[in-house]
Amino acid sequence: MSPKNPNELEDIEIQLLLEGVYRYYGFDFRNYAMASLKRRIWNTIRSEKLTSVSGLQEKVLHDSACMERFLLGLSVNVTAMFRDPSFYIAFRNKAVPLLRTYPFIRIWHAGCSTGEEVYSMAILLFEEGLYHRCRIYATDMNEAVLRKAKAGIFSLHLMQEYTQLYLRSGGKESFSKYYTAGYDGAIFHSFLKENLIFSPHNLVTDASFNEFNVILCRNVLIYFNKELQDQVHKLLYGSLKMFGVLGLGKQETLISSPHEEFYEELAAQEKLYRRIE
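Predicted model, so just to flag it, every value in this text is computed and none were measured.

Cut-offs and rules
Residues numbered from 1 in each chain as written. Predicted model: local features only at pLDDT ≥ 70, side-chain atom pairs only at ≥ 80, totals over all residues. Heavy atoms only, no water. Salt bridge = Lys/Arg side-chain N within 4 Å of Asp/Glu carboxyl O. Helix = DSSP H or I, 4+ residues; strand = E, 2+ residues; numbered from the N terminus. Buried < 20%, exposed > 50% of the residue type's maximum accessible area, 1.4 Å probe, protein only. Pairing = 2+ DSSP bridges. Axes fitted to C-alpha atoms, helices over the stretch in contact; angles between N-to-C directions. Polar contact = N/O pair within 3.5 Å; in protein donor to acceptor, adjacent residues only side chain to side chain. Lys, Arg positive; Asp, Glu negative; His and termini not counted. Contact = heavy atoms within 4.5 Å.

Participant: Looking at this structure, how should I read the pattern of salt bridges?
Facilitator: When the charged atoms of two side chains lie near each other, side chains of opposite charge can form a pair. Under the criterion given, the structure shown has 19 salt bridges. The residue Glu117 makes a salt bridge to Arg83 at a minimum N-O spacing of 3.9 Å. A residue pair is termed long-range when its members are at least 10 positions apart, and Glu117 in helix α6 (residues 116-127) and Arg83 in the loop between α4 (64-74) and α5 (85-99) qualify at 34 residues. On the accessibility criterion, Arg83 (22% relative accessible area) is partly exposed. One salt bridge in this structure joins Glu117 and Arg218, with 3.4 Å as the shortest N-O distance. With Glu117 in helix α6 and Arg218 in the loop between β7 (212-217) and α9 (226-239), this pair connects stretches of sequence that are 101 residues apart.

Below, the structure is given as structure tokens:
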């Protein structure tokens with residue numbers, strides 16, 4: 001019997017790994033974009049001092065601690081406060097005037113990671129005089145990053161960089177008023193947490209849980225294949241109220257999505273849209 005192509009064998013191993021993780025733990029990575037998924041799988045294999053995808057499959061299915069580390073490696077947690085300052089300027093100019101017309105504002109931050117962008121939005125809404133009538137639901141599939149987000153403590157050495165991003169995003173105050181420095185951490189003030197609800201939610205497998213005036217799902221869809229992107233777009237559309245605002249990441253788009261025609265552009269370059277049907 002002639003041997004199989006090694007790349008073909010690796011693809012089979014990855015399919016078996018992802019199927020096992022889905023069946024045993026309920027996390028579905030089967031329709032993630034394969035190139036970045038492979039890189040993150042191999043990063044975990046090396047960090048676990050293993051030599052094959054099959055070896056990783058055996059370990060994650062029999063060791064829940066390994067599974068948690070694997071999940072951290074697969075979920076992309078690249079984030080920063082006021083990431084992409086031009087998005088926040090567009091949100092202030094285009095979305096905030098719409099939000100002023102609502103007596104109560106529900107916001108869903110889907111795929112919130114460690115929470116930097118959630119606190120950024122809370123600060124923006126506070127400065128615009130809207131935070132007291134907002135409720136921000138911040139969700140992620142990874143409970144480890146949610147715990148960090150809920151704590152609201154970030155590295156102190158990043159605050160200089162975050163201050164610059166805050167100012168470039170249209171910030172109106174001294175950024176340091178929002179946190180207290182303690183040891184090597186910046187502890188964000190409790191009033192910013194008052195209207196935040198952190199909760200586990202998996203965009204791939206979980207259903208809608210409310211109707212929202214704003215949904216922010218930025219830099220999440222780029223890790224999904226087209227089939228999964230369409231599935232998530234359907235979920236977001238079904239969770240957004242009429243005339244609600246949708247914010248995507250710079251590399252993401254509504255073009256060719258199932259509901260493209262049901263939105264209008266608020267700020268095309270910043271991928272900020274409003275539902276009109």
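Participant: Which parts of the structure should I look at to understand the sheet that holds strand β3 (residues 153-155)?
Facilitator: Within a sheet, neighbouring strands are paired by backbone hydrogen bonds and run either parallel or antiparallel to one another. In space, the three strands of this open sheet follow the order β3-β5-β4, with antiparallel pairing throughout. Strand pairing shows two members of the sheet lacking a second neighbour, β3 and β4 (179-182), which therefore form its edges. On average, each strand axis in the sheet is tilted by 30° relative to the strand beside it, whichever way the strands run. Bridge count between β3 and strand β5 (residues 185-188): three bridges; the pairing is antiparallel. Pairing of Ser155 across the sheet is with Gly185, part of β5.

Participant: What should I look at first to understand the environment of Asn43 in this one?
Facilitator: Within the secondary structure layout, Asn43 lies in helix α2 (residues 34-47). Of the residues examined, Asn43 reaches a relative accessible area of 44% and is grouped as partly exposed. It is 9.4 Å that separates the C-alpha atoms of Asn43 and Leu74, two residues lying 31 residues apart in sequence. Among the polar contacts listed, one links the side chain of Asn43 to the side chain of Arg46, at a separation of 3.0 Å.

Participant: Even after reading the chapter, I still don't get the side chain of Asp140, so can you show me in this structure?
Facilitator: If you trace the backbone, Asp140 turns up in strand β2 (residues 134-140). Of the side chains with opposite charge, Arg40 lies nearest to the buried Asp140, which makes no salt bridge, at 11 Å. With residues near it in sequence (within four places) discarded, Asp140 still touches Gly111, Cys112, Ser113, Val145, Leu146, Ser199, Pro200 and His201.

Participant: It is not clear to me how the pairing of strand β9 (residues 263-267) should be interpreted in this structure. Could you clarify?
Facilitator: A regular strand carries its side chains on alternate faces of the sheet. Here β9 runs beside strand β10 (residues 272-275); their pairing, made up of four bridges, is antiparallel. The partner of Tyr263 across the bridge, within β10, is Arg275. Remark: four residues form the turn of the hairpin made by β9 and β10, two consecutive strands paired antiparallel; Lys271 in that turn has positive phi of roughly 55°.

In short, geometric facts, not functional conclusions.
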